[in-house]
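# Fold and geometry: a report
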Amino acid sequence: MKLSRILLTIALTSAVAFTATAHGDKKDKSPEGQAAKYRHNVFGMIGYHFGPMGDMIKGKSDYNKDTFSKNADALASLAVLAQNGFEVEGTVKGSRAKKKIWEEKDKFDAGIKMFADNTAALATQAKSGDMAAIKPAFLKVADDCKQCHKSYRAKKK
Ligand code: HEC
């Protein structure tokens, strides 16, 4: 094989590997592949709603009670939905969910249930508009993200 050919092959192979890592395999119709897609979608939306609240907490953007509350409500709904993404046992290429999730499913389920409870509490506090109560509720949720990722989400490849 000519050197240019080899380089092209390497370039194409890594491009494909990158796509699979970033977005999963969209053509994967297996139950595991579909569940991974569900997780990418639901956590993508979770990130979408979590970000603006974080900016307000950090003072990066002005606090707006209605916007904050709308995001908190959406997050609480999504935290309930997220539990569906782990019903099918196993993981696929492109997914960062660790096998450990299904090896200790009871412990994982307790954690994700607590996440749902804490997001519901945040949504309730958000309606008060009282930052002294909102902030600790938000930090609790942020800690849930961090702890769960530390235990159950693989590092980016
Ligand atoms: C109970 C565990 C758990 C909690 C709590 C959790 N996550 Fe995750 N998150 C995961 C796992 C597992 C993945 C990897 C899913 C996969 O790749 O199959 C993930 C993936 C993600 C992703 C990447 C989505 C994609 O494109 O694949 C984002 C963004 C994310 N989480 C944000 C958050 C935020 C923000 C919070 C808190 C508000 C949060 N997560 C709470 C377990 C959790």
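This one's a predicted model, so the numbers in the text were calculated from it and none came from an experiment.

Further remarks concern the UniProt feature "binding site: heme c" (unreviewed entry) in the chain. This chain's UniProt record puts "binding site: heme c" (unreviewed entry) on C145, C148 and H149. Checking the named residues against the largest pocket, the ones that line it are C145, C148 and H149. Looking at the secondary structure, you find C145 in helix 6 (residues 131–152). Structurally, C148 can be placed in helix 6. A relative accessible area of 30% places C148 in the partly exposed class. Beyond its immediate chain neighbours, meaning those up to four positions away, C148 contacts F108 and R153.

What follows concerns the site of the ligand. The ligand sits among 20 residues. The nearest are H40, S95, C145, C148 and H149. One nitrogen or oxygen atom from the side chain of H40 is found 2.5 Å from an oxygen atom belonging to the ligand. H149 places a polar side-chain atom, nitrogen or oxygen, 2.9 Å from a nitrogen atom of the ligand. More than half of the atoms belonging to the ligand lie within 2 Å of the grid points that define the largest pocket. Secondary-structure elements contributing two or more residues to the shell around the ligand are helix 2 (31–58), helix 5 (105–128) and helix 6. Residues of the shell around the ligand, tallied by class, amount to 13 nonpolar, three polar and four charged.

The rules behind the values
- Residues numbered from 1 in each chain as written.
- Predicted model: local features only at pLDDT ≥ 70, side-chain atom pairs only at ≥ 80, totals over all residues.
- Heavy atoms only, no water.
- UniProt positions renumbered as here; feature names shortened; annotations may be inferred.
- 1 Å grid on protein atoms, 1.4 Å probe; cavity = no way out; pocket = protein on both sides within 12 Å on 5 of 7 lines; lining within 4 Å.
- Helix = DSSP H or I, 4+ residues; strand = E, 2+ residues; numbered from the N terminus.
- Buried < 20%, exposed > 50% of the residue type's maximum accessible area, 1.4 Å probe, protein only.
- Contact = heavy atoms within 4.5 Å.
- Near = heavy atom within 4 Å.
- Polar contact = N/O pair within 3.5 Å; in protein donor to acceptor, adjacent residues only side chain to side chain.
- Sits in = over half its atoms within 2 Å of the grid points.
- Nonpolar A, V, L, I, M, F, W, Y, C, P; charged D, E, K, R; others polar.

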